2 protein chains.
Amino acid sequence: MGQDPETTTEHVCDRYQAAFEILGKRWNGLILRALADGPRRFTEIARFVPDLSDRVLSQRLVELEELLIVERAVDVSHRPVLVEYSLTPRGRALSPVLDSVHAWADKWIRKSSRAPAK
Amino acid sequence: MGQDPETTTEHVCDRYQAAFEILGKRWNGLILRALADGPRRFTEIARFVPDLSDRVLSQRLVELEELLIVERAVDVSHRPVLVEYSLTPRGRALSPVLDSVHAWADKWIRKSSRAPAK
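Please read all numbers here as calculations on a predicted model, not as lab measurements.

Rules of the game
Residues numbered from 1 in each chain as written. Chains lettered and ligands numbered in written order. Predicted model: local features only at pLDDT ≥ 70, side-chain atom pairs only at ≥ 80, totals over all residues. Heavy atoms only, no water. Patch = residues over 30% accessible without salt bridge, like charges linked within 9 Å, V, L, I, M, F, W, Y side chains within 5 Å. Areas by Shrake-Rupley, 256 points an atom, 1.4 Å probe, with all protein chains shown as cover. Salt bridge = Lys/Arg side-chain N within 4 Å of Asp/Glu carboxyl O. Helix = DSSP H or I, 4+ residues; strand = E, 2+ residues; numbered from the N terminus. Phe/Tyr/Trp six-rings, centres within 6.5 Å; stacked < 30°, edge-to-face > 60°. Lys NZ or Arg CZ within 6 Å of the ring centre and 35° of its normal. Contact = heavy atoms within 4.5 Å. pLDDT = per-residue confidence, 0-100. Pairing = 2+ DSSP bridges. Buried < 20%, exposed > 50% of the residue type's maximum accessible area, 1.4 Å probe, protein only.

Participant: Sorry, what's going on with a nonpolar patch on the surface here?
Facilitator: Taken together, A:Val74, A:Val76 and A:Val81 make up a surface patch of nonpolar side chains, about 240 Å² in accessible area. Of note, A:Val74 is situated in strand β1 (residues 70-75).

Structure follows, in structure tokens:
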């Protein structure tokens, strides 16, 4: 509205690429899926994604927090202190993306044609 | 159906990760978008994604062909020979994914919070 359509398209493409870079970063799709049903502790996420090391999981959670997709809540009334991670509204808004990737992968990816491991 | 649900979940997660690795690889989202409206020549795709070098575009097209997402058709009745790239049924089935990423990016990604460039 009131914007040059070509400029708008360019900006959308930038954001689209940025979105794919977040989602395409190894493990992020699975971490987001681990949080899809509600808040989880670090160890619960780690159990959901067995091949992911604790070091990389910590890194990814920090990155996803910086992107305002995941938030970290500390409940000090617990002993020991309870730390939980959950999706922000922005993170929850990704659920149609995760669902559509899931549906596609389920139908179209077979072992013989999987993307080569990085 | 008839499968151990836990095993099934594991396999779906593998495929889900594989799907994200394809989609998350830099430029793939934009290349797929360039082909969304029909067959395109190499130079047309290159024009659609201006920052992408010809060398990397060639690489990506070969990879997407190997993944049976893109196909290459050669029309020898043209002079010079006409080479066009298009989405396979598997590639076209990605359109709900691309649309949902687009909708999310359009709403939730702002310049201030974009994924850092690689």
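Participant: Looking at this model, I keep getting lost on the packing of aromatic side chains. Mind explaining?
Facilitator: The geometry of an aromatic ring pair is captured by the separation of the ring centres together with the interplanar angle, meaning the angle of the planes. One pass over the full model with this rule turns up two aromatic pairs over all chains. Between A:Tyr16 and A:Phe20 the ring centres are 5.0 Å apart and the planes differ by 85°, which places this aromatic pair in the edge-to-face class. Taken as a pair, A:Tyr16 and A:Phe20 lie in helix α1 (residues 5-24) at a separation of four residues, close to a single helical turn. Residue placement shows A:Arg26 over the ring face of A:Trp27; its charged tip is 4.7 Å from the ring centre. Positioned above the aromatic ring of B:Tyr16 is the side chain of A:Arg33, whose terminal nitrogen or guanidinium carbon lies 5.4 Å from the ring centre.

Participant: Got a minute to help me understand the pattern of salt bridges in this structure?
Facilitator: When charged atoms on two side chains of opposite charge get close, those side chains can pair. Tallying each qualifying case throughout the model produces eight salt bridges over all chains. For the salt bridge of B:Arg26 with A:Glu21, the shortest nitrogen-to-oxygen distance reads 2.2 Å. In this pair, B:Arg26 sits in the loop between α1 (5-24) and α2 (28-34) while A:Glu21 sits in helix α1, so the two residues belong to two different chains. Because the salt bridges share partners, they merge into one network encompassing A:Lys25, A:Arg60 and A:Glu63.

Participant: Whenever I open this one, unusual backbone geometry confuses me. Can you help?
Facilitator: The general pattern is negative phi for most residues beyond glycine and trans for most peptide bonds. All names here are of chain A. The peptide bond linking Arg-79 to Pro-80 adopts the cis configuration, its omega dihedral lying at -5°. Note that Pro-80 resides in the loop between β1 and β2 (82-87). The backbone of Trp-27 shows a phi angle near 85°, a positive value even though the residue is not glycine. Relative to the helices and strands, Trp-27 resides in the loop between α1 and α2 (28-34).

Participant: Help me understand the side chain of A:Asn28 in this model?
Facilitator: Along the chain, the position of A:Asn28 falls in helix α2. If near-sequence neighbours (up to four positions away) are discounted, A:Asn28 is found in contact with A:Ile22, A:Leu23, A:Arg60 and A:Leu64.

Participant: Got a minute to help me understand the confidence of the model for chain A in this structure?
Facilitator: Fine structural detail should not be taken from predicted coordinates in areas where pLDDT scores are low. All names here are of chain A. In this model, chain A carries an average pLDDT of 83, and 83% of its residues clear a pLDDT of 70 or more. Note that residues 1-11 has pLDDT below 50 and, in this model, two contacts with residues that lie over four places away or in other chains. Counting interchain partners and residues more than four positions distant, the pLDDT-below-50 stretch residues 112-118 has 15 contacts. Of the two predicted TM-score estimates for the complex, the pTM is 0.74 and the ipTM is 0.76.

Participant: Any chance you could explain the pairing of strand β1 (residues 70-75) of chain B here in plain terms?
Facilitator: Side-chain positions along a regular strand alternate between the two faces of the sheet. All names here are of chain B. Summarising the sheet, β1 and strand β2 (residues 82-87) pair through six bridges and their orientation is antiparallel. Directly across from Asp-75, in β2, lies its bridge partner Leu-82. Between the end of β1 and the start of β2, which pair antiparallel, lie six residues.

Participant: How should I be thinking about the environment of B:Leu32 in this particular structure?
Facilitator: Residues and elements named next belong to chain B. Note that Leu-32 resides in helix α2. For Leu-32, a relative accessible area of 1% gives the class buried. Linking Leu-32 and Val-70, residues 38 residues apart in sequence, is a C-alpha distance of 8.4 Å. Each residue touching Leu-32, except ones within four places of it in the same chain, is listed here: Leu-23, Leu-64, Ile-69, Val-70, Leu-87, Leu-94 and Leu-98.

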